[in-house]
Amino acid sequence: MDEKISLDYGEEKVEFTVAGAASVKTILPNPMEEITDLKAAFLHSIEDGVIGGAPLREVIKKDDEVTIVVSDVTRSWMHQDQVIPLLVDYLHDTVGVAYAQMVILIAVGTHRPSTEQELVKICSQEVVDRVRVLDHDCDAPDLVYVGTTSRGTNVRVNPLVVGRKVIVLGGTVHHMMAGFGGGRKNLLPGVSGRDSIRQNHRRALDPEKAMTDVRVGCCKLKDNPIHEDMMEAAHLVHTDFGINLVVAASGAHSGIFSGDMDAAWEASCDFQKKCYEVEVKEPADIVLCSSGGAPKDMNLYQGCKGMLNAMRALKPGGIMLWTCKCPEGGGAPDYFSWLKPLQEGHLDSSLRADFTIGGYIFYLTVEQLKKASHVYTLTELEPEMVRPMGIEAGTDLEELVSKIDFTGKTVYVLPYAGSVVPV
């Protein structure tokens, strides 16, 4: 059978034909209703529909100094720029908080700072014009120590989340280390110090074996040492209110869950799972996948999530074709510096000796790529740079497709591999 395939790649779509396969099945998110009146849904979530706590108007008073923690541009897929103005308007018009008493703090973690254009993309022009918006700096000298977790993570955070009313707004999605993103993750790593983030994230490595800890990974919360440490760290910061967004595959908002930081976030996780965890009865010979286009494939640090999810649907030793543009290269400043220890055979020991977040994402990517016999990747990354990782890269889609023999093979297509998790 012949079938035309379309996958997102950066800001565009690319198409090719699969010929001679025994079967071609597309794995899509389960149907999810879309919100038609965003303002009404938002108001319901913070008032009558609040989860596990009091309505926002009872939590914040007009004289309060308020910090709104929001996600950075790598999470712009959740369109928080449509929700942040509603929140700012509500605080100002309904609660009576002056614009000068509000600060929007972008939870960049260890990511690069936002550009002026990205501040608008994150918050909207109307909010940038009225409210102070700034990036967190994980290396700032004025970070505040708020305590140490039972696992030994020394938690230092941005001073703007200490001694003020704190509202955390984020998007809930599966996460390759913490099980799910959003919620507590906006605080650690979002507004924490680099050492605090490093101490938390190094728990991704197995304490005894040269591999990722099996308790760590997508969908995993119970006994996940990274998630549990994040939760403990987040509770060292007094968060007054949480707002969690879930988006449909179309990009439209599907759910808003607000109230107690933990309870509202957990409700959003349960809702998100019903859509994005898709049952696969058996793995396929070949998987064709996209990280989801921009901004999800802006760099390999972010874009690898698509490959990691899609690998769950591939037979050991199978073949993958993956679209991941990566105009920003590796993403983390040190990402490709880990090529040398990889090629010299001491990646695990070197990472344990000098752990970085970028280094672990590199490590995890290499670890997962080994499950396939070939991973052909449409990308702007230099082929010689990524070949040692197990990526066979190119910019000519037709040439990459020509290397795959589909005859008699079972094929899965994951157009939204950055979001959809085969289980």
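The residue numbers shown here count from 1 along each chain, following its written sequence. Owing to the predicted nature of the model, reporting of local features is limited to residues with pLDDT of at least 70; listing and counting of side-chain atom pairs is limited to 80 or more, with chain, interface and lining totals taken over all residues. To obtain the side-chain values, all non-hydrogen atoms of the structure were used and water was disregarded.

Formed by 80 residues in total, the largest nonpolar core has its most connected members in Leu300, Met320, Tyr360 and Met389. Contact definition: two residues touch when any of their heavy atoms are within 4.5 Å. Every residue in contact with Leu300, bar those within four places of it in the chain, is listed here: Trp322, Cys324, Cys326, Gly329, Gly330, Tyr335, Phe336, Leu381, Met389 and Ile391. Val83, Val131, Ile243 and Val247 belong to the second largest nonpolar core, which has 41 residues in total. We define the nonpolar core as a collection of buried residues of types Ala, Val, Leu, Ile, Met, Phe, Trp, Tyr and Cys that are connected through side-chain atoms lying within 4.5 Å of one another. Residue burial is assigned from relative accessible area. The probe radius is 1.4 Å, only protein chains are included, and a residue is buried under 20% of its type maximum, exposed over 50%, and partly exposed in between.

All right, on to the side chain of Ser196 then. Among the structural elements, Ser196 can be located in helix α6 (residues 194–201). Note on Ser196: relative accessible area 2%, which makes it buried. For the purposes of these results, a polar contact is taken to be a pair of N or O atoms within 3.5 Å, where, inside protein, one atom must be able to donate a hydrogen and its partner to accept one; residues adjacent in sequence count only when each atom of the pair is a side-chain atom. Looking at Ser196, its side chain comes within polar contact range of the main-chain oxygen of Asn154, at 2.5 Å. Filtering out sequence-adjacent residues up to four positions away, Ser196 remains in contact with Thr153, Asn154, Val155, Arg156 and Leu188. Helix and strand definitions follow DSSP, with helices as H or I runs of at least four residues and strands as E runs of at least two, each counted in order from the N terminus.

As a further point, take the layout of surface pockets. By volume, the largest pocket amounts to about 710 Å³. Trp77, Gly292, Gly293, Ala294 and Pro295 are the residues nearest the centre of the largest pocket, which is lined by 33 residues in total. Counting residues per element, the ones that place at least two in the lining of the largest pocket are α4 (116–123), β12 (241–247) and α8 (261–276). A cavity, in this analysis, means grid points on a 1 Å lattice covering only the protein atoms where a 1.4 Å probe fits yet has no way out; a pocket is instead an open set bounded by protein on both sides within 12 Å along at least five of seven lines, and a residue lines either one if it has an atom within 4 Å of a point. Grid points are joined across faces, edges and corners, and a volume is the space filled by probe spheres set on the points. Volume-wise, the second largest pocket comes out at about 440 Å³. In this classification, the charged set is Asp, Glu, Lys and Arg, the nonpolar set is Ala, Val, Leu, Ile, Met, Phe, Trp, Tyr, Cys and Pro, and all remaining amino acids, among them Gly, are polar. In terms of residue class, the lining of the second largest pocket is made up of 11 nonpolar, 4 polar and 5 charged.

All right, on to the packing of aromatic side chains then. Working definition: rings of Phe, Tyr and Trp (its six-membered ring) pair if their centres are within 6.5 Å, and the pair is stacked with planes under 30 degrees apart, edge-to-face with planes over 60 apart, and tilted otherwise. Summed over the entire model, instances satisfying the criterion amount to 5 aromatic pairs. Both rings, one in Tyr335 and one in Phe336, keep their centres 5.0 Å apart while their planes meet at 85 degrees; by these two values the pair is edge-to-face. Owing to a relative accessible area of 0%, Tyr335 belongs among the buried residues under this scheme. Their ring planes at 25 degrees and their centres at 5.9 Å tell us that Tyr360 and Tyr363 sit as a pair that is stacked. Taken together, the residues Tyr360 and Tyr363, both in helix α12 (residues 357–369) and 3 residues apart, mark about one turn of the helix. Residues Tyr360 and Tyr363 agree in their burial class; the two are buried. Following the ring pairs from residue to residue traces out a cluster consisting of Tyr335, Phe336 and Phe362.

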